[in-house]
Amino acid sequence: MSEPLLALRGLNAWYGEGHALHGVDLDVFPGETVTLLGRNGVGKTTTLRAIMGLIRKRTGTTTFGGRDLMHMPLHHVARAGLGFVPEERGIFSTLSVDENLNLPPVVAPGGMSLDEIFTLFPNLKTRRNSQGTKLSGGEQQMLAMARMLRTGVKMLLLDEPTEGLAPVIVQRIGEVLAELKARGMTILLVEQNFRFARRIADRFYLMEHGKITASFPVGELDQRMALLGEVLGV
Amino acid sequence: MIFGIPLQAFLGQLLVGLINGSFYAMLSLGLAVIFGMLKIINFAHGAQYMFGAFVGFLLLQWLNIGYWPALVLAPLVVGVVGMVVERTMLSRLYSLDPLYGLLFTFGLALVIEGVFRYCYGVSGQPYAAPDALSGGTNLGFMFLPNYRGWVVVSSLVVCLGTWLAIEKTKLGAYLRAATENPKLVQAFGVNVPVLLTLTYGLGSALAGLAGILAAPVYQVSPLMGSDLIIVVFAVVVVGGMGSILGAVITGYVLGLAEGLTKVFYPEASNIVVFVIMAIVLLVRPAGLFGKDA
Ligand SMILES: Nc1ncnc2c1ncn2[C@@H]1O[C@H](COP(=O)(O)OP(=O)(O)OP(=O)(O)O)[C@@H](O)[C@H]1O
Ligand SMILES: [Mg+2]
């Protein structure tokens, strides 16, 4: 097997004195889509924030393409090829849709052109001049994803992109992710909705209380249903 | 005659108000830009304004460099010194309570003013307007000293230009985004620490530019900044922290309000800005253009 693109070993993270991650081990291989499942508050968002370096109080090792992320300044992580789509979407209210879309600097060649992005997200094209936060929740989610696709990042970290959205929009986001996957994008997806995730994920990690407690390929999802139902409370 | 006041006197005071308003606008603009990004109230702003005027004065004294080159060099020097201060000292305080930044810039103001007071005393030094702008123009309804007209026009251009740069350019978009959520902008790969340095440099340079523009109007003195900055802080309170356009508009309006008060009730002209500030604080504590109002 090839080397993992993203590798976490014994990752611990703290909010002040609050110990949120207790030794997370996780791999994502090039071109893979991996889904991180877990109940509210188990540390999924914290994992993504610790990978990006948005949380600085952390120990363990995190490598991306063989490069150490732990000692990298925050603004070098995106340049290394990691694109972050946060749970709260992070659309800027003082920027137009166009400005939001063009904000993240291009870090490598091979990103999508604006035309390709507007083919994928036609809504954004018609709302180009609107204030970013005037978009609907679904459109803001698409904008948050779209702006990372321009930049040429090799891997996306997506935090619950379907949370609180209508089924047709969830469907659309699923199609977009499938399209990205087909283009060879590596994806780490945080989701509580594993019925959505199973359509695109290659592998799953299950997180409980800041630790990974199970890991399995998508083919084993059905036989794990009982466990998942119990752990996720669905 | 207007309300029993001779038109000449009325327009004359309005012009004085507009001149003062031009400086209030430029200075509160710089304060608003710095506060938006750094979340620090730059108490050194008045000292930086004074420093700008002194750079012009000293360039002339020591090197015989005149007004026009000084108009570029003064903001440049003040801006670069500002950037060095931000990089070496101010940036160390970002992780602490904003109060530390305020205290630091307050101390910095005392140091800068103390140095100039030690060297030049408290009396003002004259600084002549350039020949091209000496004299005046008869507008028919009033006599306009050319240099004052120049101050009003340059201030308008600078304020409008800064506003456009922030609203319409890519760098401005970085600035606005980083004002909202600096961590996320940095996680996108933007070097936000450098952006902060540039912002402090820009705000300081605006103060320096106001200083060199003011030199021929008010004379150059170590105290010129501390006299003005109190009023400018009141302007910022009235306009609301963090609104660029609000800071500029409020600056001009309060300058004019001061001028008008001189016409109708001269005794109150020094306090009218503070009266307005008190009223605004009662009615709209976040300021006229403030976000939480
Ligand atoms: N900013 C913060 N300060 C302090 N504690 C925090 C902060 N953010 C999260 N936590 C705590 O860290 C733990 C993990 O939170 P995290 O946001 O990573 O969970 P999550 O798995 O993403 O949950 P959700 O599904 O609700 O998004 C929780 O106990 C939470 O209370
Ligand atoms: Mg979360």
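Residues numbered from 1 in each chain as written. Chains lettered and ligands numbered in written order. Predicted model: local features only at pLDDT ≥ 70, side-chain atom pairs only at ≥ 80, totals over all residues. Heavy atoms only, no water.

Here's the deal with the site of ligand 1
Residue and element names in this part refer to chain A.
(1) Moving on: Around ligand 1, the surrounding shell holds 13 residues, and the nearest of these are Gly41, Lys44, Thr45, Thr46 and Glu87.
(2) Moving on: Here an oxygen atom of ligand 1 and a side-chain polar atom of Asn40 are 2.8 Å apart.
(3) Moving on: Here an oxygen atom of ligand 1 sits 2.4 Å away from a polar atom, N or O, in the side chain of Thr46.
(4) Moving on: When ligand 1 sits alone it has 630 Å² of accessible area, and the protein chains cover 58% of it.
(5) Moving on: Ranked by residues supplied to the shell around ligand 1, first place goes to helix H1 (residues 44–52) with three residues.
(6) Moving on: Residue composition of the shell around ligand 1, grouped by class: three nonpolar, six polar and four charged. (Near = heavy atom within 4 Å. Polar contact = N/O pair within 3.5 Å; in protein donor to acceptor, adjacent residues only side chain to side chain. Areas by Shrake-Rupley, 256 points an atom, 1.4 Å probe, with all protein chains shown as cover. Helix = DSSP H or I, 4+ residues; strand = E, 2+ residues; numbered from the N terminus. Nonpolar A, V, L, I, M, F, W, Y, C, P; charged D, E, K, R; others polar.)

So, the coordination of the magnesium ion (ligand 2)
Residue and element names in this part refer to chain A.
(1) Moving on: Within the first shell, the magnesium ion (ligand 2) binds the protein through Thr45 (OG1) and Glu87 (OE), at distances of 1.8 to 2.4 Å. Placement of the pair is Thr45 in helix H1 and Glu87 in the loop between strand S6 (82–85) and helix H3 (97–102), with a sequence separation of 42 residues.
(2) Moving on: For Thr45, a relative accessible area of 22% translates into the label partly exposed. (Donors = N, O, S within 2.8 Å, 3.2 Å for Na, K, Ca; no water. Buried < 20%, exposed > 50% of the residue type's maximum accessible area, 1.4 Å probe, protein only.)

Description of the interface of chain B and chain A
(1) Moving on: Across the boundary between the two partners, chain B contributes 18 residues, which contact 21 residues of chain A.
(2) Moving on: Both sides together, the interface formed by chain B and chain A hides about 1,800 Å², and carbon and sulfur atoms give 65% of it.
(3) Moving on: The largest share of the area that chain B buries against chain A comes from Glu180, Ala187 and Phe188 of chain B, three residues that together contribute 36% of it.
(4) Moving on: Across the chain B-chain A interface, the total number found is one salt bridge.
(5) Moving on: Counting across the interface, chain B meets chain A through eight residue pairs in polar contact (both at pLDDT 80 or more).
(6) Moving on: By residue number, the principal contributor to the side of chain B that touches chain A is helix H6 (residues 170–180) of chain B, which donates six residues.
(7) Moving on: When grouped by side-chain class, the residues that make up the side of chain B that touches chain A number nine nonpolar, four polar and five charged. (Contact = heavy atoms within 4.5 Å. Buried area = accessible area lost by both parts, 1.4 Å probe. Salt bridge = Lys/Arg side-chain N within 4 Å of Asp/Glu carboxyl O.)

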